[in-house]
Amino acid sequence: MKASDLPLNYNAVNILEHNLTSRADKVALYTAERELTFRQVADEVNQIGHALKKLDVHVGESVGILSPDCAEWVTSFFGIVKIGAVSVGMNTLLKPHELNYILNDSKARVLIVHAALLPSIESIRDSQEFLKHVVVIGGRGREGDPVFKEWIKNEPAELGVTPTHRDDFCSLNYSSGTTGEPKGILHAHKDYPLTAQLWGANVLGLKESDRAFGAPRLFFTFGTGGVLIFPWYVGASTVLMSAPPRIAANMLETIQRFKPTLLYNAPTGYAAMLAMEDLKEKYDLSSLRLCVSAGESLPASIWHGWKERTGLDIIDGIGSTENFHIFISNRPGDIRPGSSGKPVPGYEVRIVDEAFNDVADGEVGNLLVKGETASLSYLHQYEKSRKTFIGEWLFTGDKYYKDKDGYYWHAGRSDDMLKVGGIWVSPVEVESTLISHPAVLESAVVGHPDASNLIKPKAFVVLKDGHAPSDELKNTLVEYCKEKMAEYKRPRWIEFVSELPKTATGKIQRFKLRG
Ligand code: 3UK
C-alpha cells in the first residue's frame, strides 16, 4: 500500500467509521469503567465534534488531551481529528513546566484534561497565552470549566466528516532530545492507515478476532498505533487501562480480566513480569497469542525467559515517533532473538558511515530510513529538522549493523540519549537537575545495565566543598530528582567522584564513564 492509494480527501476517522457498516454493535473498547461498541464510540465522537465546534475550534487548530488512557481519550482524539483539527496527546508523566512549553508551542486553545491531572496544570494555567478552555473529564475544574459529560450530553450524535486532505496534519506528539525543549512531531491523516497496513496487518498479522492491550500509553505513538489504530483498522477490539502500567500486577490483572490476544510492552515491562516468581500460578495469560516489544532493544535473555515461562513469542521491532511506528521488525515465524528483525516492506533502510556511504554487512553505522509515514519536520525547530529529515531519508540517531542473514542489530545511539523503560531520558536534563541541588558541584549521567541487561541512568557526582559522600546524601539526591523530573528519569545509582573526565575544552566525556 502506498499513500497515493488513499483518496485525496481522507480523514483518519475512517479507521473508526469503516467498522459501522459491518460490525457497529461489536464491542470496540473495553475498560474497567466503560465498555463501548463501535456505534457508541462513533456517536460520542460526533457529539465531541459538535462541542468542539461550539468552542470555535477550526480546521488545523491544535487541541490538547491530557488524560490517563480511557474511553474519553479515544473519543476526544477522533472527535478532534474528524473536524480537521490536530490532536495533541500530552505525556501524563510530565511536570508543569514541560506541559507549559507544549501548550505554548502547540498554541492549543482547548485542553481536554482528566480531573486526576488537573493539579499538573494548576500552577501554569493563569499565565497561558493561548489556552482558553479547559474541559474536565471525570470531575470538576474551576468555575466555568465545561464538565466533559455535560459538555457533550445534548449534542447530536450525527456529524459530517470534514473533508481533510490525506496530507493534512491530524496529530502532534512531543519527543525529547539531548538538549533544548521537546520536539513537536506532526503526523498526517495518511500515516494512520499506512502504518496500520504496513506493519499492523502485513507484518504482525492482526485479525478481526484479535483484542489488543498494552503498556505504551495512547499519548505515545507506540500506544496510539498498537492499541488503538491498528486493531480498529482490521475491526479488532482494544482494552484500555488507566492504572499505571509500570506496576506489573496492574497489567497482569487487566490481561486476566479482559483476555486480550496481543500484548504490547517495553522490555522493562517483560522483565518486571518475569521477576514475579509466581507469574504462571497467579495469573492466567492463556488468552494471549503474541507479544510485541519496542521502545528500546529487547535483550535475547528476556526473549528466551518469556518464551520459557509463557510459551509466547515476542516480536521486537524498532519504531519512532518521527516514523509514527515500527519500520524494522521481527515477524511471526521469523524471529531472531536480540535483533530488531528485517525492514518492514514499504520502508527502505541504509546503514552509512559519517560521509553517508553504505558500510559493509557486519559493520556498525548510522541507520537511515525512508518511508511514507515519516513526519516532514520538527515543529518550530529548523536546525534540528535539517539534520534529521534529509531529503527522503530520516536520520534516526541509531547505530546499527546487519548480519549476513539480513537481520538488523541495534548497537547504541549516536547521541547520548538513553531509552529507559522505552522512554527518552536526556542525560543533560538529569545532570542539570542534580547540579541545581546545593550539595552538587558537577555531574555526568550515563546509561548503565541493570540485572536484566536494560539501561538505566547512573550519575557520577562531584560534591561541593563542605559536603561529604554518604548513603543518606545519595537518597536525598534521588528524592530530589523525583521531585523535579518525571520519576523514571531519576538515577538508579549514584557514584561520588572527585572529578569528571573532560576534553581540553571542558566538555564532559560521558563515553569514558559508561560501563
Ligand atoms: C529506540 C529501539 C532498539 C531507538 C516507538 C515503536 O520508541 C518509539 O519512539 P520514540 O520516538 O523513540 C525512537 C527511538 O527509540 N527504539 C525504539 N524501539 C527500539 N531501539 N530496539 C527497538 N525495538 O533509539 C529509536 O530511534 O520514543 C517505538 C513504535 C512507535 C514509537 N514511537
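Keep in mind that what you see is a predicted model, and the values were worked out from it rather than measured.

**What about the site of the ligand?**
Around the ligand there are 24 residues in total, and D316, G317, T321, D398 and K419 lie nearest to it. Taking T221, its side chain carries an N or O atom lying 2.9 Å from a nitrogen atom of the ligand. At 2.7 Å, a side-chain N or O of D316 approaches a nitrogen atom of the ligand. Elements supplying a minimum of two residues to the shell around the ligand: α9 (221–233), β13 (314–319), β20 (393–402) and β21 (408–413). At four residues, β13 tops the list of elements feeding residues into the shell around the ligand. When grouped by side-chain class, the residues that make up the shell around the ligand number eight nonpolar, 10 polar and six charged.

**Considering the sheet that holds strand β1 (residues 27–30)**
With mixed pairing, nine strands are arranged side by side in an open sheet as β2-β1-β10-β9-β11-β12-β13-β14-β15. The strands lining the two open edges of the sheet, one partner per strand, are β2 (35–37) and β15 (342–343). Two strands pair when backbone bridges link them, and strand β11 (residues 262–265) and strand β12 (residues 290–293) are joined in this way by four bridges, in the parallel orientation. In the sheet register, Y264 faces β12, and the bridge partner there is V292. Running over the sheet, helix α10 (residues 248–258) touches β1, β9 (211–214), β10 (237–239) and β11 and is turned about 170° from β9.

**Re the environment of Y270**
Looking at where Y270 falls in the secondary structure, it is placed in helix α11 (residues 267–274). The buried category is assigned to Y270, whose relative accessible area is 0%. Along the primary structure Y270 and H189 are separated by 81 residues, whereas in three dimensions their C-alpha atoms are 32 Å apart. At a separation of 2.6 Å, a polar atom in the side chain of Y270 contacts the main-chain carbonyl oxygen of V292.

**Considering the sheet that holds strand β25 (residues 455–463)**
Ordered in space as β24-β25-β26, the three strands form an open sheet in which the pairing is mixed. At either margin of the open sheet sits one strand with a lone partner, and together these are β24 (440–449) and β26 (493–496). When the angles between neighbouring strand axes are averaged without regard to direction, this sheet yields 25°. Packing against the sheet, helix α16 (residues 471–484) makes contact with β24, β25 and β26, and its axis sits at approximately 130° to β26.

Rules used throughout
Residues numbered from 1 in each chain as written. Predicted model: local features only at pLDDT ≥ 70, side-chain atom pairs only at ≥ 80, totals over all residues. Heavy atoms only, no water. Near = heavy atom within 4 Å. Polar contact = N/O pair within 3.5 Å; in protein donor to acceptor, adjacent residues only side chain to side chain. Helix = DSSP H or I, 4+ residues; strand = E, 2+ residues; numbered from the N terminus. Nonpolar A, V, L, I, M, F, W, Y, C, P; charged D, E, K, R; others polar. Pairing = 2+ DSSP bridges. Contact = heavy atoms within 4.5 Å. Axes fitted to C-alpha atoms, helices over the stretch in contact; angles between N-to-C directions. Buried < 20%, exposed > 50% of the residue type's maximum accessible area, 1.4 Å probe, protein only.

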